[in-house]
Amino acid sequence: MSELVTILGATGSIGRSALDVLRRHDERFQVYGLSAHHQTKELASLANQCGAQVVSVRSGQVQAFQNSTHIDGAAITVLEGSEGLVRLAGSTTADVVITAIVGSIGLMPTLAAIRAGKKVLLANKEPLVMMGPEIIQEASNSGATIMPLDSEHNAVLQCLDIGQTSNDSKGIKSDTPKSVVKIILTASGGPFIDSSISDLSRVTPAQAANHPNWSMGKKISIDSATMMNKGLELIEACALFSVDPNLIEIVVHPQSIVHSLVEYADGSVIAQMANPDMRIPIATALGHPERIASGASRLRIGEIGSLDFREPDENRFPCLRLARQAAEVGGTAPTILNAANEIAVELFCKELIQFNEISKYVDKTLEHVTVDRTRDFETVTQADVEARRYTKQLIRSSTISI
Ligand code: NAD
Ligand code: MG
């Protein structure tokens, strides 16, 4: 029997890559549910193409969805708003849920899918940043299987599978073996890898969103340019692999061929390599522990020539340092960091602040908003709201001079 799959954020970069992989394996997987926010027409067209049974649209978009779909509206159940998203995520019918929404808004649906005990393929990184250890705990309570889609964490999981003596099909485990001495996450360095601090003050949103190796949504592309993306990934890794931040190293690797590495007590370092194409981690997670085709082009080692690695520069990319600090502080600090960053990126995209002010507003917000040690849903949501309010107020009053 086919495995039924739901994709939250189906119209985005990850959502479309996931649909592409699923189409290649229609004997094994069938799409059950899809969601989207602004792109109601595109969602209707995707739902028609893949025969989705349920969709969730933005509040007030049910009629627009029904007008856009060419098949009998009654064949597709249409849910709406955040309630609809949570119902779709937690529906007992689907076997697999892919979380591909962008931002902290994905927290509630992610929790709903985990609590429903699904196999959950996590791309939406912000919920893991906010409540990572709690999400892992919820998965262990409900029996949900977590598979990370972020290419670095997916690579680490593959390196752990190989480095460990026993191998089972259960994604993330509750503890990483003591023989792991280091987890090394690679970073491309983004489009401004060699830019000076003064160059960085003149960067436009279009330049920042133009990633040299990966084709991704706008928010994550800008986070890659500031290297906040790697900072968020460091926090994600601490939660997924139950390790302290000091066990995680970041290394800049401009070619994006080595996706991450794990170093063991005997001195062995195991790396995962592939072309930069998100269909690869998606296929790895969908098929696990089996390997299934992804559609990505093959890696031709001989043509690559050489692979470069270098230390990250936290002076030019202070978001990395801020994220490490937030990971060390713990509690709601990562939520405050993430919320301030979401606001600063949004306002940079509207050209209301400069590129290198993003880190300054995040820094000021982290200094100001009180960190709570408790990390339940209410506390985290409150910290998220408070940090957003403070960052907006700071930007409005433009108290920062560069
Ligand atoms: P995207 O912007 O291309 O797509 C986002 C999706 O979320 C769209 O379907 C959109 O309709 C939906 N969405 C946006 N706002 C929403 C809201 N308020 N409520 C409900 N749905 C909403 O983003 P993406 O690049 O596909 O990234 C998705 C997530 O995956 C992010 O958290 C990102 O950090 C993570 N991720 C992406 C990549 C990548 O290669 N794109 C790699 C690793 C991790
Ligand atoms: Mg990544």
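Predicted, not measured: the structure shown is a model, and the values here were computed from it.

**Q** Please clarify how the packing of aromatic side chains should be interpreted in this entry.
**A** Any two aromatic rings considered together are summarised by their centre-to-centre distance and by the angle between their planes. For the coordinates displayed, the defined rule picks out 2 aromatic pairs. Where F192 meets F355, the ring centres are 5.2 Å apart and the plane angle is 75°; that geometry is what we call edge-to-face. Linking F192 in the loop between β8 (180-187) and α8 (197-200) with F355 in the loop between α15 (333-349) and α16 (358-368), this pair joins segments that are 163 residues apart in sequence. Ring centres of F348 and F355 lie 5.6 Å apart, and the angle between their planes is 65°; this geometry places the pair in the edge-to-face category. Each of the two residues, F348 as well as F355, counts as buried. Among the aromatic residues, ring-to-ring pairing joins F192, F348 and F355 into one connected group.

**Q** Sorry if this is basic, but what is going on with the site of ligand 1 here?
**A** Lining the immediate environment of ligand 1, one finds 23 residues, of which T11, S13, Q39, E126 and G217 sit closest. Between an oxygen atom of ligand 1 and a main-chain N or O atom of G217, the distance comes to 2.8 Å. Listing elements by their share of the shell around ligand 1, those giving two or more residues are α1 (13-23) and α6 (125-142). Class assignment of the residues belonging to the shell around ligand 1 gives a composition of 12 nonpolar, 8 polar and 3 charged. Counting contributing residues per domain, the shell around ligand 1 is built from domain 1 (3-148) and domain 2 (150-191 + 212-310), each supplying no fewer than three.

**Q** Explain the sheet that holds β8 to me, please; I cannot follow it from the model alone.
**A** To summarise the sheet geometry, strands pair through backbone hydrogen bonds and adopt either a parallel or an antiparallel arrangement. The sheet built from 4 strands is open, its strands ordered β9-β8-β10-β11 with mixed pairing. Strands with a single pairing partner mark the edges of an open sheet, and in this sheet they are β9 (248-252) and β11 (269-273). Averaged over all adjacent pairs, the angle separating strand axes in this sheet is 20°, with direction ignored.

**Q** Would you mind going over the coordination of the magnesium ion (ligand 2) with me for this structure?
**A** Between any two of four tetrahedral donors, the ideal angle at the metal is 109.5 degrees; between two of six octahedral donors, it is 90 or 180 degrees. For the magnesium ion (ligand 2), every protein donor is listed as D150 (OD), E152 (OE) and E233 (OE), and the spread of their distances is 2.1 Å. Here the donor residues of the magnesium ion (ligand 2) share one chain and are spaced in sequence as D-x1-E-x80-E. Of this pair, D150 sits in the loop between β7 (145-148) and α7 (151-163) while E233 sits in helix α11 (residues 228-240), and the two are 83 residues apart along the sequence. Of the two residues, D150 and E233, both sit in the buried class.

**Q** Help me out: how do you make sense of the domain arrangement of the protein in this one?
**A** Interface size, as often reported, equals the accessible area lost upon joining of the parts. Domain assignment breaks the protein into domain 1 (3-148) and domain 2 (150-191 + 212-310). Computed over C-alpha atoms only, the centres of domain 1 and domain 2 are separated by 24 Å. In this complex, domain 1 contributes 29 residues to the contact, which on the side of domain 2 involves 32 residues. Both sides of the domain 1 and domain 2 interface together cover about 2600 Å² of buried area, and 68% of this is carbon and sulfur. For domain 1, the biggest contributors to the area lost against domain 2 are K125, M147 and P148; these three give 25% of the whole. Where domain 1 touches domain 2, the interface holds 5 salt bridges. The partner of D150 in a salt bridge is K125, and the shortest N-O contact between them spans 2.8 Å. Linking domain 1 to domain 2 there are 11 residue pairs in polar contact (both at pLDDT 80 or more). For the side of domain 1 that touches domain 2, the secondary-structure elements that each account for two or more residues are α1, β6 (119-122), α6 and β7. Its residues assigned to classes, the side of domain 1 that touches domain 2 comprises 17 nonpolar, 6 polar and 6 charged.

**Q** It is not clear to me how a nonpolar patch on the surface should be interpreted in this structure. Could you clarify?
**A** Taken together, the side chains of M273, I301, L307 and F309 present a nonpolar region at the surface, about 350 Å² in accessible area. You can see M273 is positioned in strand β11. With a relative accessible area of 35%, M273 lands in the partly exposed category.

**Q** Could you clarify how one ought to interpret the side chain of E342 in this entry?
**A** Positionally, E342 belongs in helix α15. What E342 contacts, discounting residues up to four positions off in sequence, is G103, S104, E126, K219 and R388.

**Q** Please explain the sheet that holds strand β2 (residues 29-35) as it appears in this structure.
**A** Strand order across the open sheet formed by 7 strands is β4-β3-β2-β1-β5-β6-β7, with parallel pairing between neighbours. Edge strands, defined here as strands with exactly one partner in the open sheet, are β4 (77-80) and β7. With direction set aside, neighbouring strand axes in the sheet form an average angle of 20°. With 3 bridges connecting them, β2 and strand β3 (residues 54-57) associate as parallel partners. Bridge pairing links L34 to V55 in β3. Here α1 sits on the sheet in contact with β1 (3-8), β2 and β5 (96-99), set at roughly 165° to β1.

**Q** It is not clear to me how the pattern of salt bridges should be interpreted in this structure. Could you clarify?
**A** Side chains that differ in sign of charge can pair as their charged atoms come close. Within the structure shown, the criterion is met by 22 salt bridges. Close ionic contact of K219 with D223 constitutes a salt bridge, the shortest N to O distance being 2.6 Å. Of this pair, K219 and D223 both sit in helix α10 (residues 218-226), 4 residues apart, roughly one helical turn. The residues K219 and D223 share a single accessibility class, namely buried. R279 is paired through a salt bridge with D277; the nearest N and O atoms lie 2.8 Å apart.

The rules we used
- Residues numbered from 1 in each chain as written.
- Chains lettered and ligands numbered in written order.
- Predicted model: local features only at pLDDT ≥ 70, side-chain atom pairs only at ≥ 80, totals over all residues.
- Heavy atoms only, no water.
- Phe/Tyr/Trp six-rings, centres within 6.5 Å; stacked < 30°, edge-to-face > 60°.
- Helix = DSSP H or I, 4+ residues; strand = E, 2+ residues; numbered from the N terminus.
- Buried < 20%, exposed > 50% of the residue type's maximum accessible area, 1.4 Å probe, protein only.
- Near = heavy atom within 4 Å.
- Polar contact = N/O pair within 3.5 Å; in protein donor to acceptor, adjacent residues only side chain to side chain.
- Nonpolar A, V, L, I, M, F, W, Y, C, P; charged D, E, K, R; others polar.
- Domains from an automatic or database assignment.
- Pairing = 2+ DSSP bridges.
- Axes fitted to C-alpha atoms, helices over the stretch in contact; angles between N-to-C directions.
- Donors = N, O, S within 2.8 Å, 3.2 Å for Na, K, Ca; no water.
- Contact = heavy atoms within 4.5 Å.
- Buried area = accessible area lost by both parts, 1.4 Å probe.
- Salt bridge = Lys/Arg side-chain N within 4 Å of Asp/Glu carboxyl O.
- Patch = residues over 30% accessible without salt bridge, like charges linked within 9 Å, V, L, I, M, F, W, Y side chains within 5 Å.
- Areas by Shrake-Rupley, 256 points an atom, 1.4 Å probe, with all protein chains shown as cover.

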